[in-house]
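Inside the fold
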There are 4 protein chains.
Amino acid sequence: MSESAEASEFSIDKIAPIPIHHTNMGNPNIQDAERAIFLTPSLEEEELLAWSKIRNYCQDFFSEFLGTMTLILFGDGVVAQVVLSGGTKGDYQSISWGWGIAVMLGVYVGGKSGGHLNPAVTLANCLYRGHPWRKLPVYALAQLLGAMAGAAIVYGNYKSAFDAFEGGAGIRTVTGPTATAGVFCTYPAPFMTRTGMFFSEFVASSILMFCIFALADPNNIGAGNLMPLCLFFLIFGIGACFGWETGYAINLARDFGPRLVSYMIGYGHEVWSAGGYYFWIPMVAPFLGCAFGGFLYDVFIFTGPSPINTPMLGLQRLMRPRRSVWSNTHQSTIETKV
Amino acid sequence: MSESAEASEFSIDKIAPIPIHHTNMGNPNIQDAERAIFLTPSLEEEELLAWSKIRNYCQDFFSEFLGTMTLILFGDGVVAQVVLSGGTKGDYQSISWGWGIAVMLGVYVGGKSGGHLNPAVTLANCLYRGHPWRKLPVYALAQLLGAMAGAAIVYGNYKSAFDAFEGGAGIRTVTGPTATAGVFCTYPAPFMTRTGMFFSEFVASSILMFCIFALADPNNIGAGNLMPLCLFFLIFGIGACFGWETGYAINLARDFGPRLVSYMIGYGHEVWSAGGYYFWIPMVAPFLGCAFGGFLYDVFIFTGPSPINTPMLGLQRLMRPRRSVWSNTHQSTIETKV
Amino acid sequence: MSESAEASEFSIDKIAPIPIHHTNMGNPNIQDAERAIFLTPSLEEEELLAWSKIRNYCQDFFSEFLGTMTLILFGDGVVAQVVLSGGTKGDYQSISWGWGIAVMLGVYVGGKSGGHLNPAVTLANCLYRGHPWRKLPVYALAQLLGAMAGAAIVYGNYKSAFDAFEGGAGIRTVTGPTATAGVFCTYPAPFMTRTGMFFSEFVASSILMFCIFALADPNNIGAGNLMPLCLFFLIFGIGACFGWETGYAINLARDFGPRLVSYMIGYGHEVWSAGGYYFWIPMVAPFLGCAFGGFLYDVFIFTGPSPINTPMLGLQRLMRPRRSVWSNTHQSTIETKV
Amino acid sequence: MSESAEASEFSIDKIAPIPIHHTNMGNPNIQDAERAIFLTPSLEEEELLAWSKIRNYCQDFFSEFLGTMTLILFGDGVVAQVVLSGGTKGDYQSISWGWGIAVMLGVYVGGKSGGHLNPAVTLANCLYRGHPWRKLPVYALAQLLGAMAGAAIVYGNYKSAFDAFEGGAGIRTVTGPTATAGVFCTYPAPFMTRTGMFFSEFVASSILMFCIFALADPNNIGAGNLMPLCLFFLIFGIGACFGWETGYAINLARDFGPRLVSYMIGYGHEVWSAGGYYFWIPMVAPFLGCAFGGFLYDVFIFTGPSPINTPMLGLQRLMRPRRSVWSNTHQSTIETKV
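Residues numbered from 1 in each chain as written. Chains lettered and ligands numbered in written order. Predicted model: local features only at pLDDT ≥ 70, side-chain atom pairs only at ≥ 80, totals over all residues. Heavy atoms only, no water.

**A closer look at the overall build of chain A**
When helices and strands are tallied, chain A shows 17 helices and zero strands. Counting the 338 residues in chain A, one finds 63% classified as buried. Accessible area for chain A stands at about 11,600 Å²; split by element, carbon and sulfur atoms hold 67% of it. (Helix = DSSP H or I, 4+ residues; strand = E, 2+ residues; numbered from the N terminus. Buried < 20%, exposed > 50% of the residue type's maximum accessible area, 1.4 Å probe, protein only. Areas by Shrake-Rupley, 256 points an atom, 1.4 Å probe, with all protein chains shown as cover.)

As structure tokens, then:
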């Protein structure tokens, strides 16, 4: 399999090779021999374990889906609790905590696919760390759908509280004294200019990717097995230091997915028009920011394998758009037959 | 011993085999030879060290009892401090801290038995990780009694403060401006419907078990020796993100045990009737939620030994209720004679 | 040296053997050969490195002194900042943070002597972990003096702020609206009975020692190299859950040392008489509490070398007060001649 | 290279040797063979990879620059968010969090050069840990410029918020009800005397260096790979315990760099004159404090290679100012030819 080798990407120290499961289970070397007994497959296992094959094939999708779902469960959950309780069950710092924990646990859940949880992070991994390009749409779709699932569960969980806070079942407002749309996605502070919004998201995304690459760099100090914990601190920090102006979406899936859900729920057209049609900024700026942040790290610090460390800073990939140049996995289809 | 092999369960990286103590102590290879001297047993040690044998036999019970007692000491302690001081010695975030630390320290204390501290977690380990079924009642009883002991100690410690806050010795109220019953167990927010209460506990319990299995999965990133620390963040997160509506009991022992204690203390029948006889929801929902959360993880991500990874997702255990099928330890009584 | 073998005590995973320094420095195998050059002693090193010998001899004293000084610097420092700024530069939770960090850093600083920082912890280590009894007074003295030094530095640092808050240089009050004596040591909440005060300190000290032994037990999960971090959480938890009623002194050195300093500074006789001559409770209760907490852990969980795991739970030490029985190091003076 | 051997300095467990990059990339032993393919340099690599050579040569500069930039991005960022939002998006504790995370992430980013981020820390490393003296100006310059870059980015990011808070574009005040100069650098509390200011910065810097050396001492407990996390707690603790009176600059680069930026932006002469020309104190006191704190640790605890552990406590370096005595790298230019 040529695609299963992204092991050195950002959040994974070691990905155990995905075993073929029924073989593993019959393995007599398994540590807890006793426990394995009730798991020993009976006769027709070959035919029956179809699900393990499907899961193995879809592992990236499931992993990113559930990881991003966990991200949004905690992330939107904490905003819901703080907003709907009128600040009595949490404050701004709780939100920093909640989102930090959300990313930390999301990465633990989605570790098998790298725990990107963010299309912009996947893009940066494709650009600079050899993540296969053809996986980008799979990851992005899984992340988007996972975010939508998480937002829907949060809404279901807090439905009574939404009704109580908004003053009636079915009333859902984006602006005004009892606005609750901010539970799902980000809206900018009122004094922001368009340029300021874009710059703020761009800076926060750059810092995100720059620090992720620093934490994952084995030639630097490197976070090692503390990676998810360090991501907690990173997200907490971005929330505490750059989170006010635009709400630090820094993630298309995190913002657009729940925004779609809030539109479906009945918040109306204002989810798109609020803040001067702000909604497209957290869809675009994170990609540019993460690409720039990763570029900065690779140019000035990273010494491992990166296009930046090839002739002309890897720019011939842009200038000679042949598959053999831009594809991260091109030659492997020919050579990895051993 | 066939039951001492649950080592790969959730919160234990490595359980050292429980040594026969007096042998260990006489061992000349012990590192601190000097210190061992004052411990060298005198002549009749074989007869005298009866307690070590009893402790060894009851280790699971003692371990879960003391672990859950620690859990409730810190958990109910922090609520007592916040409530009885009128919010001047802590706020809602302190409660998140307190419960997170409570679980973390409880797991460290109760590590020898796996640090479940929660009958629903024990159930999920029986269902999916081969924990012996016959240990379930022992664990559940130890957890319940431990929770009651912890609640009683907290009450003893804060008795003067209860009297000062309620306005008199012996006055104990479940509702009203000086209600203190919330120190012991959870009561739902007033706007909640019955369905909402159940769903909220179910969702929180599902997330709990789903994340525990993710953190403990060695084929995923895995928390490794950071497990208790990660549980701190997990519980903090559940408290900050899903803790408002029903108080995130997610644990029969944590809720029913202290509720019994509060009934004994003299809070009256209202501890049962409050919230529309809410008390049964945190007794039932956590089991269903943890079973579902564990199922979700095993179906979509887990590749290690689990009934889900046997033919028909392990459902023949339900359909063929023979001991050889549903027992986690059945065949071992025959085969582990080597 | 027979006393240098307390390595398995609570907060130290591995204490590197204290090397004879000038030998080590001349060692050609040292990793950074280049850096060692400027350190190579010149001719008369044997005579000149007297200080290294003194330091080696006094290592326990220096280590506990500086560790406890660090403890009080951060601990009293945070209370000073919160109290003197009128709550604008911190709140009750800051105090939990400050004391947690204080213990964590104090243990890192005082690691060479075990990082006890507390006479009651030293006592429990003597009772249950073979710490040499004759070191107890050395440790206790170092801890007391270190605490006094820390309190004096905090006072020097915040002198202007004391004057500004109390309303004039030299005015120092123990009670009243601008009381600042609580910066140095603990005073009980006004509603507490004498029994309640004692019980509260006793319970908190028991929990402290019980959890320390759990965290340090290599046969349990064990905190390993996370020990100082876990102590942060433990102290934070005790502060958040049991810190209101008496201020969780749980340490003679931490309370009596700064109290002496505050008496010297000019707070007057009230530092002793306040709270019904409360001052003796944090001097006595921690010893009893720590002894009880350690006893509890060893009886019900600990399986390593402990007097509890000897015949008759080690009680013959109490009944036969001969040196060969109660001394932790007695026989070593005879036998360790190899 | 004689200067690349500072590996045992404070924040680095292991610095991987900086490889010559194009060699590494063509290495067939690279783990992810497949990914390496798109990185294989084409023909003229030798000529083209000039940038890798430049980066290698300037690694210390880039590393300290970007590390200190990260420090100020988060550190000034959190103050900006708290001040400009009027305390609604954070409070004093957020500032402790922000600066703690800032140092933690800054050290991860700047790990290749040791992550000093502070000229006073570099000085202490030169004095006591054999850091090459000639690197001191390079480090200090990189730190100063990095701090200025970080402050400029924070200003750009929050420009709209500055205007909204100050009441108009271009209005920038150092004192008064809408003063915002505190976002960039520190100003003392109004009640402080000159001596108090100096003493406060001196004490905080001493504690900083004393604790850094304790955390980095492999003969003590040692933070190991938890070093950046422990620095988070250390900085948080200094902020919570000693941060009120002067704002805990404890770093020339952190204070003077952003102060220069604020002067350029248009805050006027008052950035220098405020607090009785306070600005020079955080430029001088940290050097003295860090030198003293490091001295204290080496005298009383450190047993590894340090001038303190040479004859006469290393003071002959002061008395015999010959290059062979004071230079940390002198003899290496002669001897390291092997």
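Having put the structure on the table, let's press on.
**Comments concerning a negative patch on the surface**
Taken together, the side chains of A:Asp91, B:Asp91, C:Asp91 and D:Asp91 present a region of like negative charge at the surface. For C:Asp91, the location among the structural elements is in the loop between α5 (59–84) and α6 (92–109). (Patch = residues over 30% accessible without salt bridge, like charges linked within 9 Å, V, L, I, M, F, W, Y side chains within 5 Å. Salt bridge = Lys/Arg side-chain N within 4 Å of Asp/Glu carboxyl O. Lys, Arg positive; Asp, Glu negative; His and termini not counted. Charge placed at Lys NZ, Arg CZ, Asp CG, Glu CD.)

**Digging into the UniProt feature "transmembrane region" (unreviewed entry) in chain A**
Residues and elements named next belong to chain A. Here the UniProt-annotated "transmembrane region" (unreviewed entry) positions come out as residues 61–84, 96–115, 136–155, 197–216, 228–250 and 277–302. With 100% helix and 0% strand, residues 61–84 has end C-alpha atoms that lie 33 Å from one another. Segment residues 228–250 splits into 65% helix and 0% strand. End C-alpha atoms: 18 Å apart. (UniProt positions renumbered as here; feature names shortened; annotations may be inferred.)

**Overview of the packing of helix α7 (residues 119–129) of chain A against helix α10 (residues 194–216) of chain A**
Residue and element names in this part refer to chain A. For the pair α7 and α10, the least separation of the axes is 11 Å and the interaxial angle reads 55 degrees. By the criterion of interaxial angle, the relationship of α7 to α10 is oblique. Of the two elements, α7 crosses α10, and the hand of that crossing is right-handed. Contact residues: Val 121, Ala 124, Asn 125, Tyr 128 and Arg 129 in α7; Leu 208, Met 209, Ile 212 and Phe 213 in α10. Looking at the contact of α7 with α10 residue by residue, the classes come out as seven nonpolar, one polar and one charged. (Axes fitted to C-alpha atoms, helices over the stretch in contact; angles between N-to-C directions. Parallel < 35°, antiparallel > 145°, perpendicular 65-115°, else oblique. Left-handed = near helix turned anticlockwise from the far one by under 90°. Contact = heavy atoms within 4.5 Å. Nonpolar A, V, L, I, M, F, W, Y, C, P; charged D, E, K, R; others polar.)

**Description of the packing of aromatic side chains**
Scanning the model with the defined rule gives 117 aromatic pairs over all chains in all. We note C:Arg129 situated over the ring of C:Phe302; from NZ or CZ to the ring centre the distance is 3.7 Å. (Phe/Tyr/Trp six-rings, centres within 6.5 Å; stacked < 30°, edge-to-face > 60°. Lys NZ or Arg CZ within 6 Å of the ring centre and 35° of its normal.)

**A word on a nonpolar patch on the surface**
Residue and element names in this part refer to chain A. Together, Tyr 277, Trp 280, Val 284 and Leu 288 line one region of the surface with nonpolar side chains, adding up to about 350 Å² of accessible area. By secondary structure assignment, the location of Tyr 277 is in helix α13 (residues 270–277). Judged by its relative accessible area of 42%, Tyr 277 falls in the partly exposed class.

**Remarks on the packing of helix α10 (residues 194–216) of chain D against helix α11 (residues 227–242) of chain D**
Residues and elements named next belong to chain D. One way to put it is that α10 packs onto α11 with a least axis distance of 11 Å and a crossing angle of 160 degrees. Judged by the angle between their axes, α10 and α11 are roughly antiparallel. Crossing handedness for the pair α10 and α11: right-handed. In this structure, α10 uses Val 203, Ala 204, Ile 207, Leu 208, Cys 211, Ile 212, Leu 215 and Ala 216 to contact α11, whose residues at the interface are Met 227, Cys 230, Leu 231, Leu 234, Ile 235, Ile 238 and Phe 242. For the contact of α10 with α11, the residue count by class is 15 nonpolar, no polar and no charged.

**Quick notes on the pattern of salt bridges**
Side chains carrying opposite charge are able to pair once their charged atoms draw close together. Tallied over the full model, the rule gives 24 salt bridges over all chains. Where B:Asp163 meets B:Arg172, a salt bridge forms, and the shortest distance between an N and an O atom there is 2.8 Å. Classification of B:Arg172 as buried rests on a relative accessible area of 8%. Look at the salt bridges and you will find they share partners, linking A:Lys159, A:Asp163 and A:Arg172 into a network.

**Comments concerning unusual backbone geometry**
Residues and elements named next belong to chain B. In this model, Tyr 248 sits at a positive phi of 40 degrees, which is unusual for a non-glycine residue. Tracing the chain through its elements places Tyr 248 in the loop between α11 (227–242) and α12 (252–267). Classification of Tyr 248 by relative accessible area gives buried; the value is 7%. With phi around 45 degrees, Ile 250 is a residue other than glycine that occupies positive phi space. When you line up the elements, Ile 250 lands in the loop between α11 and α12.

**Some thoughts on the side chain of A:Ser113**
All names here are of chain A. Here Ser 113 is to be found in the loop between α6 (92–109) and α7. Judged by relative accessible area, which is 4%, Ser 113 ranks as buried. Here the side chain of Ser 113 touches Ser 63 through a polar contact of 2.9 Å, side chain to side chain. (Polar contact = N/O pair within 3.5 Å; in protein donor to acceptor, adjacent residues only side chain to side chain.)

**Focus on the environment of C:Val299**
Take C:Val299: it is sitting in helix α14 (residues 281–300). As a C-alpha pair, C:Val299 and C:Asn309 span ten residues in sequence and 7.8 Å in three-dimensional space. Once residues within four sequence positions are removed from consideration, C:Val299 is found in contact with B:Trp51, B:Arg55 and C:Ile308.

**Focus on the side chain of C:Arg259**
Turning to its location among the elements, C:Arg259 is positioned in helix α12 (residues 252–267). Look past the residues within four positions of C:Arg259 in its chain and what remains in contact with it is C:Cys185, C:Thr186, C:Tyr187, C:Val271, C:Trp272, C:Tyr278, C:Phe279 and C:Pro282.

**With respect to the state of the cysteines**
Applying the stated rule across the entire model yields zero disulfides over all chains. Here C:Cys290 is not disulfide-linked; the sulfur of C:Cys211 is the nearest cysteine sulfur, at 11 Å. (Disulfide = S-S within 2.5 Å.)

**Concerning the environment of D:Pro188**
All names here are of chain D. As for its placement among the helices and strands, Pro 188 is situated in the loop between α9 (159–166) and α10. The buried category is assigned to Pro 188, whose relative accessible area is 14%. If near-sequence neighbours (up to four positions away) are discounted, Pro 188 is found in contact with Met 197, Glu 245, Thr 246, Gly 275 and Tyr 278.

**Focus on the environment of C:Arg194**
Tracing the backbone shows C:Arg194 in helix α10 (residues 194–216). Expressed as a C-alpha distance, the spacing of C:Arg194 and C:Tyr277, which sit 83 residues apart in the sequence, is 9.8 Å.

**Some details on helix α7 (residues 119–129) of chain C**
An α-helical turn contains 3.6 residues, so a residue and the one three or four places further along point in the same direction. Along α7(C), ten of the eleven residues are buried, which leaves the element largely enclosed by surrounding structure. Its side-chain oxygen 3.0 Å from the backbone nitrogen of C:Ala120, C:Asn118 forms the N-cap of α7(C).

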